[in-house]
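# Summary of the model geometry
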Amino acid sequence: MTPAQPTPAEPASAQPTPAEPTPAHAALDALVRHVAATGFRAHGLHVRVGDDTAEHRWTPDVREEVHSVAKGVAVLAVGIAADDGLVDVDGPVAATLPALCTGAGTDRVTLRHLLTMTSGVDMPWSPTELTEWPDLAAEFLSRPSRGRVFQYANASTYTAMRVLERHVGDVGAFVSERVFAPLGIADVGWARCARGFVAGGEGIALRTSELARIGRLVRDGGVVDGHRVVAARWCEALHSDWVEREGAGPGYERYAMAGWDGPGQLWRLHGAHGQMLLFDRDAVVTVTADDHAGADAFASAVADVLSARSAATARD
């Protein structure tokens, strides 16, 4: 990927900071200082606090793979379809994909289990998983389920999107029409397997500014510019009914539908290499980066900055 630090031809850019920094600019300034101090390879940063926004860039705002943030988009799509009466998140996957559910116990796996990574099917991520199996969903569901055991797997979201496809048609087109278009985001492709099905757990490229629009939609409970895109309960499902994970490190101890709890009081959608939406009350921080190793430390810095803001607000 393109190095995240600006070249002389591509200087870092930001909105001018007001003489009296607004809450978003104050948070942005603190995070830009963190990037400078740590060398975190950020591409772009967008901060929203209430209706106040501020942004800073180190590289041009081009579309880049957002990795597992796509899992959150998949959840929103399933929620829209569920509220349209097209799919039942608690119905067995076998009702839709009967020929594929051949592993012991997979007849009891539901769409909700797939989205919360609790199908109990062991299939760790592989960089070639979309091409190494004739049918990834068939391979996934041919393996036995160990019950409601957590295992993070892109194949789980991929299989969930295969279920959704049976009910809404092409998932990429459905997401473009029902999720992206209301946000003013156009011409977004989704990576696909050789059979033509969307990757599901990754495979969407967005600009930082576009990712920030998704963050605002989620923060505002599924409404954008007075128009409801998705019911609030599906935005809440991204960070509620947590699955507890014993022995996991900070920020990875609880998982919901695509969302991770923490660090601190925030929760986040977290894609590989530092693509994140971080939420804390009325604040949303959006970051795109090329720094997998530094992402957790940056998330902790966001938690500290937003926590300090909340403390200051409480004192006032």
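Bear in mind that the values here come from a model prediction, so they are computed numbers and not experimental data. Throughout this description, residue numbers start from 1 for each chain and increase along the sequence as written. The predicted nature of this model means local features are confined to residues of pLDDT at least 70 and side-chain atom pairs, given and counted, to a pLDDT of 80 or more, with totals for whole chains, interfaces and linings taken over all residues. The side-chain figures draw on all heavy atoms in the structure; neither hydrogens nor water molecules are used.

### Quick notes on the pattern of salt bridges
Any Lys or Arg side-chain nitrogen found within 4 Å of a carboxyl oxygen on Asp or Glu counts as a salt bridge. If you walk through the whole model with that rule in mind, you get 19 salt bridges. Measuring nitrogen to oxygen at the nearest pair gives 2.9 Å for the salt bridge that ties Arg-207 to Glu-210. Residue classification places Arg-207 among the partly exposed residues on the basis of a relative accessible area of 32%. Exposed residues in this analysis have more than 50% of their type's maximum accessible area, buried residues have under 20%, and partly exposed residues fall in between, with area computed by a 1.4 Å probe over protein chains only. By relative accessible area, Glu-210 is classed as buried at 4%. The partner of Asp-261 in a salt bridge is Arg-254, and the shortest N-O contact between them spans 2.8 Å. For Asp-261, a relative accessible area of 22% corresponds to the partly exposed category. In this structure Arg-254 comes out as partly exposed when scored by relative accessible area, which is 25%. The network of salt bridges with common partners includes Arg-63, Arg-207 and Glu-210.

### A word on the packing of aromatic side chains
We call Phe, Tyr and Trp rings a pair once their centres come within 6.5 Å, taking the six-membered ring for Trp, and we label the pair stacked below 30 degrees between planes, edge-to-face above 60, and tilted otherwise. As enumerated under the stated definition, the model contains 8 aromatic pairs in all. On the numbers, 5.7 Å between centres and 85° between planes, the contact of Tyr-152 with Tyr-255 is edge-to-face. Within this pair, whereas Tyr-152 is found in the loop between helix H5 (136-142) and helix H6 (154-168), its partner Tyr-255 is found in strand S9 (residues 254-255), the two being separated by 103 residues in sequence. With a centroid separation of 5.6 Å and 45° between ring planes, the pair formed by Tyr-152 and Trp-260 is classed as tilted. Of this pair, Tyr-152 sits in the loop between H5 and H6 while Trp-260 sits in strand S10 (residues 260-261), and the two are 108 residues apart along the sequence. Residue Trp-260 is classed as buried on the basis of its relative accessible area of 5%. One aromatic cluster in this structure is built from Phe-150, Tyr-152, Tyr-252, Tyr-255 and Trp-260. Starting at the N terminus, helices and strands are each numbered in turn, a helix being any DSSP run of H or I of at least four residues and a strand any DSSP run of E of at least two.

### Re the pairing of strand S12 (residues 275-280)
Counted residue by residue, S12 has 6 buried out of 6 residues, so it is predominantly covered. Here S12 shows no split at all, with Gln-275, Leu-277 and Phe-279 on one side and Met-276, Leu-278 and Asp-280 on the other all buried. Direction of pairing for strand S11 (residues 267-271) relative to S12: antiparallel, over a ladder of 5 bridges. Counted as the bridge partner of Arg-268 is Leu-278 from S12. Any two strands with at least two DSSP bridges between them are considered paired. Linkage of S11 to S12, two consecutive antiparallel strands, is achieved through a turn of 3 residues, within which His-273 is found at a positive phi near 70°.

### Some remarks on the confidence of the model for the protein chain
Per-residue confidence for the protein chain gives a mean pLDDT of 93; residues scoring 70 or more make up 92%. Below pLDDT 50 for its whole length, residues 1-11 participates in 23 contacts with residues either more than four positions away or in separate chains. pLDDT measures how confident the predictor is about each residue, on a scale from 0 to 100. By the convention used here, residues are in contact when the closest approach between their heavy atoms is within 4.5 Å.

### A few points about the nonpolar core
One finds Leu-111, Phe-180, Trp-190 and Ile-204 to be the most contacted residues of the largest nonpolar core, which totals 76 residues. Sorting elements by how many residues they give to this core places helix H2 (residues 69-83) first, with 11 residues. With residues up to four places along the chain from it excluded, the contact list for Ile-204 reads Glu-64, Glu-65, Val-66, His-67, Ala-70, Val-73, Phe-180, Val-188, Gly-189 and Trp-190. Throughout this description, the term nonpolar core refers to a set of buried Ala, Val, Leu, Ile, Met, Phe, Trp, Tyr and Cys residues connected via side-chain atoms within 4.5 Å. In this structure, Val-32, Ala-299, Val-302 and Leu-306 belong to the second largest nonpolar core, which totals 29 residues.

### Thoughts on the state of the cysteines
We call a pair of cysteine sulfur atoms a disulfide whenever their separation is within 2.5 Å. Counted under the stated rule, the structure contains 0 disulfides. With no disulfide partner, Cys-101 has as its closest neighbouring cysteine sulfur the one in Cys-193, 17 Å distant. Classification of Cys-101 as buried rests on a relative accessible area of 13%.

### Focus on helix H7 (residues 171-180)
Taken together, the buried positions of H7 are occupied by Val-171, Gly-172, Phe-174, Val-175, Val-179 and Phe-180. Taken around the axis of H7, the buried residues stretch over an arc of 155°, which confines them to a single face. Residues of H7 that are buried sit in contact with H2, H6 and helix H8 (208-219). N or O atoms within 3.5 Å of each other form a polar contact, as long as, within protein, one can give a hydrogen and the other can take it, and as long as residues adjacent in sequence are counted only when both atoms are side-chain atoms. Two or three places before Gly-172, at the start of H7, stands the capping residue Asp-170, its side-chain oxygen 3.1 Å from that residue's backbone nitrogen. The arc in question is formed by the directions pointing from the helix axis toward the C-beta atoms.

### Here we look at unusual backbone geometry
Residue Pro-263 is bonded to the preceding Gly-262 through a cis peptide linkage, with omega at 0°. By the secondary structure assignment, Pro-263 is in the loop between S10 and S11. Its identity is not glycine, yet Asp-241 carries a phi of approximately 50°, on the positive side. Tracing the backbone through its elements, the reader meets Asp-241 in the loop between helix H9 (232-237) and strand S8 (243-244). A relative accessible area of 69% places Asp-241 in the exposed class. The residue Ala-258 is not glycine, and still its phi comes out positive at about 85°. Note on Ala-258: relative accessible area 5%, which makes it buried.

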